[in-house]
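# Reading the structure
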Amino acid sequence: MSAWRPALAVAALLASPAASADVPGSSDLEFLPRFARAEIVDYRQEDSVERIYPQSALRRISGRLRVDGEIDVVGRLSALTYELPAGHSSGDAFAQARTALLAQGALPLHWCEGRECGASSLWANNVFGNARLYGPDEQQAYLLLQLAAPRQNSLLVLYAITRGTRRAYLHVEQLEANAPLGEHLLPNAETLLRQLKTAGVLELAQLPGEPADPWLALLARVLRLDTGVRLLLSGRSAPAWRDALIEGGTRAVRLESAVSEAPGLRVEWLR
């Protein structure tokens, strides 16, 4: 557990041309379609800023903000907040943005929804510095991703909230790191399991050709979180990954493998 310092806000979403009511000078992120009829109500860009993104729930203990995991990066920040049209919840925009990013090969690093994220007031005030984003804890969602090549040195944040007034917002941040992020960033096991159960598959192109930690240990933790999950592993070294997981304690009946030319490892949920 570590003491956590305030971070902030950026980026864009969903499909339709820029709204006439957007704040002056704002624009969407080119790779993220805007939600239909959403309007940009807050926008900023900053160079060479430090951002610390949580990879766990936010808690306040003895007056200090605490997290169990975080990613600390310095780079160029783009931050946008969209107000969604009446009749749409923040969950609609969050799901559309998440789907678009994952389809582009982005790697989810931390994903939480509702009360498991912690207090919405802490996200709004201490992380993003935007009181507009405060609402009921059960109406929030947060996703931190590493973008796919050629944007692999960028992190992207989605934070969605539907306020008690029924106004819904999607906040987006893109942080282009000053230095290469490399392959050291890892999701947490809970996030991989949520993604697996939501989409039915994990595309892990960044995995090494042969099974090795820390990815091997991470996949083993995913399997321990839900002992009823059965998986099909496919890729050039899929049989070796299966054997290594079995050697680590996973029951053989829970894993199947198939050799393919796909890079890394593809993990499919056998329902």
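Residue numbers run consecutively from 1 along every chain, following the written order of its sequence. Totals for whole chains, interfaces and linings use all residues, but because this is a predicted model, local features are given only for residues with pLDDT of at least 70 and pairs of side-chain atoms are given and counted only at 80 or more. No hydrogens and no water enter the side-chain calculation; it runs on all heavy atoms of the structure.

## Re the layout of surface pockets
How we decide: Only protein atoms enter the 1 Å grid used here, on which a cavity is any set of points holding a 1.4 Å probe that cannot leave and a pocket is any open set flanked by protein within 12 Å on both sides along at least five of seven lines; residues with an atom within 4 Å of a point are listed as lining. Grid points are joined across faces, edges and corners, and a volume is the space filled by probe spheres set on the points. Segments assigned H or I by DSSP are reported as helices when at least four residues long, segments assigned E as strands when at least two residues long, and all are numbered from the N terminus. When residues are sorted by character, Ala, Val, Leu, Ile, Met, Phe, Trp, Tyr, Cys and Pro go into the nonpolar class, Asp, Glu, Lys and Arg into the charged class, and all the rest, Gly among them, into the polar class.
One number sums up the size of the largest pocket: a volume of about 540 Å³. Forming the boundary of the largest pocket are 28 residues, of which Gly-105, Leu-107, Glu-203, Ala-205 and Gln-206 lie nearest the centre. At the level of elements, strand 6 (107-113), helix 3 (189-199) and strand 10 (201-204) are the ones that each hand at least two residues to the lining of the largest pocket. With 4 residues, strand 10 is the largest single contributor of residues to the lining of the largest pocket. Counted by class, the lining of the largest pocket contains 19 nonpolar, 6 polar and 3 charged residues. In terms of lining, the second largest pocket is formed by 15 residues, of which the most central are His-110, Trp-111, Asn-188, Glu-190 and Thr-191.

## As for the confidence of the model for the protein
Operational definition: The quantity known as pLDDT measures the predictor's confidence residue by residue, on a range of 0 to 100. Contacts are assigned to residue pairs that have any heavy atoms within 4.5 Å of one another.
Put simply, the protein has an average pLDDT of 90, and 93% of its residues get 70 or more. In the model, residues 5-18 has pLDDT below 50 throughout and makes 79 contacts with residues more than four positions away in sequence or in other chains.

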